[in-house]
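Coordinate inspection notes
If you want the building blocks of each chain, they are given just below.
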Amino acid sequence: MDILARGGGILSTVKAVRETPTLRVQFPNRFLEFGTTTIEAKSGYGLNLETEIRILEAIRSVEKLEAVPTYLGAHALPPEFHDNGGAFVDQVIQDLETIHSRKLAEFCDVFVEPGAFNTNEARRIFAATRSLGMGIKLHADEFESSGGAALAVEVGATSADHLGAIADADISRIAKSNVVATLLPATLFMLGHSHYAPARKLIESGAAVALATDFNPGTSPTLNMQFVLSLACTQMKMTPAEAIVAATINGACAVRREHRLGSIEAGKDADIAVYDLADYREIPYFAAVNFCVATLKRGELVWKQ
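Residues numbered from 1 in each chain as written. Predicted model: local features only at pLDDT ≥ 70, side-chain atom pairs only at ≥ 80, totals over all residues. Heavy atoms only, no water.

**Digging into a nonpolar patch on the surface**
On the surface, a nonpolar cluster with roughly 300 Å² of combined accessible area is contributed by Tyr 285, Phe 286 and Val 289. As for its placement among the helices and strands, Phe 286 is situated in the loop between α14 (282–285) and β9 (292–297). Judged by its relative accessible area of 30%, Phe 286 is partly exposed. (Patch = residues over 30% accessible without salt bridge, like charges linked within 9 Å, V, L, I, M, F, W, Y side chains within 5 Å. Areas by Shrake-Rupley, 256 points an atom, 1.4 Å probe, with all protein chains shown as cover. Salt bridge = Lys/Arg side-chain N within 4 Å of Asp/Glu carboxyl O. Helix = DSSP H or I, 4+ residues; strand = E, 2+ residues; numbered from the N terminus. Buried < 20%, exposed > 50% of the residue type's maximum accessible area, 1.4 Å probe, protein only.)

Right under this line is the structure:
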């Protein structure tokens, strides 16, 4: 957040993306190598309609790997709106209508954090999101408890992502709701933090916990979900079984695809990752080592070692 306040971080990526004439998803097949068949991909590195559309179109163009597109227009305040946040929120809401009309995104996300956007600004954006029939996601309580988790429950979000600093009262709120708590331990690991999201409290309170890489250029340059499972077990004290559930069926719930993804059962897509290991607990046991030997998407072999 300090880097962002000085005009770097997210904004340096925004500058680079705006200046790149042709955008594409760089590593779709590398996800398959690690056993990942479905990702949620957020925009948020354009911060203007033209570039956000180009990012979402690039996400839509991915083959083999299933990419769920999310519009993150309110990721940071762009330089041209540095002294007028309200006008930028108005612009995001206006752009959201265009994004929806072109069927470019399934969800809308807002980064709710001091130095980014507050709950009142997010509430305005989500009112427009609901009116369009789109799903809602939040970057919530990543570094400070700032009302993001409570807002996720209030607006009926599909998921609240991060939750590294969620308050105890909001853990109870999440647990009583249908909001999936998506935890991203690789982000905090790469930032050098020793404090992680309270996975045990969330699980024991009855919350549905999912895991994801948060693969992004600033804070989590990893697409290895096996490594994320290792961090979940060692740093957040999840059991291997809990971590695998969080990475499969609960992850499917976090992108509203649990009806056909996330578990191996009759009637669902045959999305299957095969690991050359003797026991499922060895997947998180071997830290940052890839033991995936084959990946199937909808029953088709899309990657083999």
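**Here's the deal with helix α4 (residues 49–60)**
Along its 12 residues, α4 runs 16 Å from first to last C-alpha, staying within 8% of the 16 Å computed at 1.5 Å per residue. Elements that come into contact with the buried residues of α4 comprise α2 (10–18), β1 (38–42), β2 (66–74) and α5 (85–101). (Expected span 1.5 Å × (residues − 1). Contact = heavy atoms within 4.5 Å.)

**Topic: the sheet that holds β1**
Read from one edge of the open sheet, seven strands run β1-β2-β3-β4-β5-β6-β7, paired in parallel fashion. Looking along the sheet, the strands with just one partner apiece sit at the ends: β1 and β7 (209–211). The average undirected angle you get between the axes of adjacent strands in this sheet is 30 degrees. Here strand β3 (residues 107–112) runs beside strand β4 (residues 135–140); their pairing, made up of six bridges, is parallel. Along β4, the bridge assignment pairs Phe 111 with His 139. Sheet strands in contact with α4 are β1 and β2, and its direction is about 170 degrees off that of β2. (Pairing = 2+ DSSP bridges. Axes fitted to C-alpha atoms, helices over the stretch in contact; angles between N-to-C directions.)

**Things to note about the environment of Asp 83**
Take Asp 83: it is sitting in the loop between β2 and α5. For Asp 83, a relative accessible area of 62% gives the class exposed. Here the alpha-carbon distance between Asp 83 and Ala 252, two residues 169 residues apart in the chain, equals 39 Å.

**Re the nonpolar core**
A general feature of soluble globular proteins is that nonpolar side chains tend to end up buried together. With 84 residues, the main nonpolar core has Leu 138, Ile 174, Leu 183, Leu 202, Leu 211 and Met 236 as its most contacted residues. Look past the residues within four positions of Leu 138 in its chain and what remains in contact with it is Asp 109, Val 110, Val 112, Phe 126, Gly 148, Leu 151, Ala 152, Val 155, Ala 157, Ser 159, Ala 160 and Asp 161. (Core = buried A, V, L, I, M, F, W, Y, C linked by side-chain atoms within 4.5 Å.)

**What about α5?**
Here α5 contains 17 residues, and its C-alpha end-to-end distance of 25 Å stays within 8% of the 24 Å for a straight helix at 1.5 Å per residue. Among the residues making up α5, those that are buried are Phe 88, Val 89, Val 92, Ile 93, Asp 95, Leu 96 and Ile 99. For α5, the elements touching its buried residues are α4, β2, β3 and α6 (119–131). Positive phi shows up at Lys 103, right after α5, with a value of about 55 degrees.

**Remarks on the pattern of salt bridges**
Inspection of every chain in the model, using the stated rule, returns 24 salt bridges. Between Glu 40 and Lys 137 there is a salt bridge, and its shortest N-O distance comes to 3.6 Å. Remark: Lys 137 occurs in strand β4 and Glu 40 occurs in strand β1; sequence separation between them is 97 residues. As a salt-bridge pair, Lys 42 and Asp 161 come within 3.2 Å of each other at their nearest N and O atoms. Here Asp 161 lies in strand β5 (residues 159–162) and Lys 42 lies in strand β1, a separation of 119 residues in the sequence. Note on Asp 161: relative accessible area 5%, which makes it buried. The structure contains a network of salt bridges with shared partners spanning Glu 66, Glu 106, Arg 257, Arg 260, Asp 269, Asp 271, Lys 297 and Arg 298.

**Observations regarding the environment of Thr 158**
For Thr 158, the location among the structural elements is in the loop between α7 (148–154) and β5. Note: C-alpha distance between Thr 158 and Gly 299 (141 residues apart in sequence) is 27 Å. When near neighbours in sequence (up to four residues on either side) are disregarded, Thr 158 contacts Phe 107, Ile 136, Asn 178, Val 179, Val 180, Cys 253, Ala 254 and Arg 256.

**Examining the layout of surface pockets**
Quantified by volume, the second largest pocket comes out at close to 160 Å³. Among the residues making up the lining of the second largest pocket, the classes are represented as eight nonpolar, two polar and no charged. (1 Å grid on protein atoms, 1.4 Å probe; cavity = no way out; pocket = protein on both sides within 12 Å on 5 of 7 lines; lining within 4 Å. Points joined across faces, edges and corners; volume = space filled by probe spheres on them. Nonpolar A, V, L, I, M, F, W, Y, C, P; charged D, E, K, R; others polar.)

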